Amino acid sequence: MKKQYLIILAFAGILALTSSCHFGAKYKALIVTGQNNHNWKASSPILKQLLEETELFSTDIATSPENKADMSSFAPNFSKYDVVVLDYNGAAWPEATQKAFEKYVSNGGGVVSFHAADNSFPEWKEYNKMIGLGGWGGRTEKSGPYLYYVGDKMVLDTAAGRGGSHGKNQEFEIRMRNIEHPIVNGLPKRWIHGSDELYNSLRGPAENLEVLATAFSAKNAGGTGRNEPILMTIKYGKGRIFHSTLGHPSATGGPALECAGFIVTFQRGAEWAASGNVTQKVPYDFPNAGSSSLRAGFKQLTLEDDLTKIATYDITKSTKYFVDLQTRIRAEGKTPEAMQGFEKKMISVLQKAEATPEGKRLLMHELSWMGSDLSIPVIQELAKNAALKDEAEFALARLKPTK
Ligand code: ZN
């Protein structure tokens, strides 16, 4: 009897453990972090959140000993994972750990090199083959050529010089170079990235490397005047590596990480590295050539977020939730039923006594073109309120065309 009881307890323990991770996630991801010239304590939890919100990954974090501490015991079990995300730029790993990582990748393991991970390990030859290109850490022509684009042509330039630099943080345009690749297939060909460092002058072996996207590094912003590689894939043995130079983190993450373009390419790149495929849909808030698109809290806004914030809107506040609602309506309101779904939810805000007049005015303005007869009674009611009368009458005039 006692033995059975213990077995049941053991099972309960296993259940408690698995239910704390993402049950049913397809892939296991490991984020390696703990040393970086960047704020890894800010970035690594964000990367974990971004992986897990795809519902494809359960994610562990391996945190190395601190800088200058004894590294000899640092030995993550890479082979347990489908993808290893590197948010690490620090001391050399023990040789056995390096060899285990090489074996993991050459046997088909996936890797994502995030931002300054391509600064790490200038002396580790196989690592530099995996990331393709790197910067800083004393990299020179001995590390391999520079890689950049002139027009549509990729150039490998063996000129002497140091590897790795960037200008000041700024928004910049990203230009896709291979829109057929699963990671970027379906994404806009040009889009504006949130303020970030634009890495330039990376150099490395650049073997089995494909450039997915470049950005123009303007000289007047401290750059090279060249189209620099930004998103890349590399094959190493049977392994797949996705290399993103994007994502310089502030203490709270900041615009480089909040950029929907960074987030989506990171999430898709991780899935591709893990599986060779991408199943994630392109979200409607992906940036375009006109403007960047930032996700507050690194989450895509929901319709409920938009409506809750619009209900408290006054002119001192950002209109971003209203803009998000408008974008959502244009992207998702493809059928009369979908439009009516939006209309009903907007009406429910108009009916809230506590919703602000400014918020109600925005909604009535939007309903004036996309609403139906459903909106008329509630707007007629609002027309009795002096603060809302003008906007209500404007909306009613458009909703009730004169015969
Ligand atoms: Zn940086």
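Thresholds, definitions, all that
Position numbers for residues start from 1 in each chain and track the written sequence from start to end. Only residues with pLDDT of at least 70 are given local features in this predicted model, and only at 80 or more are side-chain atom pairs given and counted; all residues enter the totals for whole chains, interfaces and linings. Side-chain numbers come from the whole structure's heavy atoms, not from hydrogens or water. What makes a nonpolar core is a set of buried Ala, Val, Leu, Ile, Met, Phe, Trp, Tyr and Cys residues whose side-chain atoms join them at distances within 4.5 Å. Only protein chains enter the calculation, and the probe is 1.4 Å; a residue is then buried if its accessible area is under 20% of its type maximum, exposed if over 50%, and partly exposed in between. Secondary structure follows DSSP: runs of H or I at least 4 residues long count as helices, runs of E at least 2 residues long count as strands, and numbering of each begins at the N terminus. Only heavy atoms matter for contacts: two residues are in contact if any of them lie within 4.5 Å across the pair. Delimitation of the domains relies on an automatic or database domain assignment. Every case where a carboxyl oxygen of Asp or Glu lies within 4 Å of a side-chain nitrogen of Lys or Arg is listed as a salt bridge. Metal sites are built from N, O and S donor atoms within 2.8 Å, or 3.2 Å for Na, K and Ca, and they leave out water, so they may look incomplete. Here the metal geometry follows the donor angles, with tetrahedral for four donors whose angles all fall between 85 and 135 degrees, square planar for four and octahedral for six when opposite donors are more than 155 degrees apart and every other angle is between 65 and 115, and irregular for all the rest. When the centres of two rings from Phe, Tyr and Trp lie within 6.5 Å, Trp using its six-membered ring, the rings pair. Their planes under 30 degrees apart give stacked, over 60 give edge-to-face, and anything left gives tilted. Note on pairing: DSSP must find at least two bridges between two strands before they are called paired. The term polar contact refers here to a pair of N or O atoms within 3.5 Å; inside protein, the definition further demands a hydrogen-donor-capable atom paired with an acceptor-capable atom, and it admits residues adjacent in sequence only when both atoms are side-chain atoms. For every element, the axis is a line fit to its C-alpha atoms; helices are fit only across the contacting stretch, and the angle between N-to-C directions ranges from 0 to 180 degrees. Each angle is binned into one of four classes, with values under 35 degrees roughly parallel, values over 145 roughly antiparallel, values of 65 to 115 roughly perpendicular, and all other values oblique. By the definition used in this description, the sense in which the near helix is turned from the far one sets the handedness, with an anticlockwise turn below a right angle giving left-handed and a clockwise turn giving right-handed. Polarity classes work like this: nonpolar for Ala, Val, Leu, Ile, Met, Phe, Trp, Tyr, Cys and Pro, charged for Asp, Glu, Lys and Arg, and polar for all others, with Gly in that last group.

### Some words on the nonpolar core
And then number 1: Membership of the largest hydrophobic core comes to 40 residues, with the highest contact counts inside it found for F57 and F262.
And then number 2: Elements with a contribution of two residues or more to this core: β1 (27-33), α2 (40-53), β3 (83-86), β4 (110-114), β8 (170-176), β11 (209-217), β12 (226-236) and α6 (260-275).
And then number 3: Ranked by residues supplied to this core, first place goes to α6 with 8 residues.
And then number 4: Membership of the second largest hydrophobic core comes to 34 residues, among which are M71, V105, M232 and I241.

### Digging into the environment of V278
And then number 1: Here V278 lies in the loop between α6 and α7 (303-310).
And then number 2: The contacts of V278, once residues within four sequence positions are left out, are P182, I183, R268, E271 and W272.

### Remarks on the domain arrangement of the protein
And then number 1: By domain assignment, the protein separates into domain 1 (2-275) and domain 2 (301-399).
And then number 2: For domain 1 and domain 2, the distance between their C-alpha centres works out to 42 Å.

### A few points about the pattern of salt bridges
And then number 1: Counting across every chain of the model gives 16 salt bridges.
And then number 2: Salt-bridge contacts for R328 lead to D324; the nearest nitrogen and oxygen are separated by 3.1 Å. Placement of the pair is R328 and D324 together in helix α8 (residues 320-332), with a separation of 4 residues, close to one helical turn.
And then number 3: For R328, a relative accessible area of 6% translates into the label buried.
And then number 4: Overall, the relative accessible area of 12% leaves D324 in the buried class.
And then number 5: The closest approach of N and O atoms between E366 and R330, which form a salt bridge, is 3.4 Å. Linking E366 in helix α10 (residues 357-370) with R330 in helix α8, this pair joins segments that are 36 residues apart in sequence.
And then number 6: Judged by relative accessible area, E366 falls into the buried class, the value being 1%.
And then number 7: What makes R330 partly exposed here is its relative accessible area of 47%.
And then number 8: One salt-bridge network, held together by shared partners, links D306, D324, R328 and E332.

### Re the coordination of the zinc ion
And then number 1: Donor atoms from the polypeptide that bind the zinc ion are H38 (NE2), H115 (NE2), E197 (OE) and H248 (ND1), placed at 2.0 to 2.1 Å.
And then number 2: Bound by 4 donor atoms, the zinc ion shows angles of 92 to 156° at the metal and therefore irregular coordination geometry.
And then number 3: Taken in sequence order, the residues that donate to the zinc ion follow the motif H-x76-H-x81-E-x50-H. Here the residue H38 occupies a position in the loop between β1 and α2, and H115 occupies one in the loop between β4 and α4 (125-131), the gap between them amounting to 77 residues.

### Details of the packing of aromatic side chains
Each aromatic ring pair is characterised by the separation of its centres together with the angle its planes make.
And then number 1: Evaluated as defined, the whole model comprises 19 aromatic pairs.
And then number 2: Look at W93 and F101: their rings are 5.5 Å apart centre to centre, the planes differ by 90°, and that puts the pair in the edge-to-face class. Neither W93 nor F101 differs from the other in exposure class; each is buried.
And then number 3: Their ring planes at 70° and their centres at 5.1 Å tell us that W191 and F286 sit as a pair that is edge-to-face. Taken together, the positions of W191 in strand β9 (residues 190-196) and F286 in the loop between α6 and α7 put the pair 95 residues apart, joining distant regions of the chain.

### A word on the pairing of β8
And then number 1: In this sheet, β9 lies alongside β8 in antiparallel orientation, the contact comprising 5 bridges. Bridged to F172 within β9 is H193.
And then number 2: Where β8 and β11 come together, 3 bridges link them in antiparallel fashion. Pairing of I174 across the sheet is with A215, part of β11.

### Concerning the side chain of E366
And then number 1: A polar contact is formed between the side chain of E366 and the side chain of W369, at a distance of 3.2 Å.
And then number 2: Each residue touching E366, except ones within four places of it in the same chain, is listed here: F322, Q326, I329, R330 and M346.

### Observations concerning the packing of α10 against helix α12 (residues 389-399)
And then number 1: Put simply, α10 and α12 touch, their axes get as near as 8 Å, and they point 10° apart. Between α10 and α12, the interaxial angle falls into the category roughly parallel. α12 is crossed by α10, and the crossing has left-handed handedness. On the side of α10, the interface is formed by R361, M364, H365, L367, S368 and W369, while α12 contributes E391, A392, F394, A395, R398 and L399.
And then number 2: Partitioned by chemical class, the residues of the contact of α10 with α12 number 7 nonpolar, 2 polar and 3 charged.

### A word on the packing of α8 against α10
Each packed pair of helices is defined by two parameters, the angle between the axes and the distance between the axes.
And then number 1: Running from N to C, α8 and α10 cross one another at 15°; their axes reach a closest spacing of 11 Å. Judged by the angle between their axes, α8 and α10 are roughly parallel. Between α8 and α10 lies a crossing whose hand is right-handed. Contacts between α8 and α10 pair F322, L325, Q326, I329 and R330 from the former with L362, L363, E366, W369 and M370 from the latter.
And then number 2: A class-by-class count of the residues in the contact of α8 with α10 yields 7 nonpolar, 1 polar and 2 charged.

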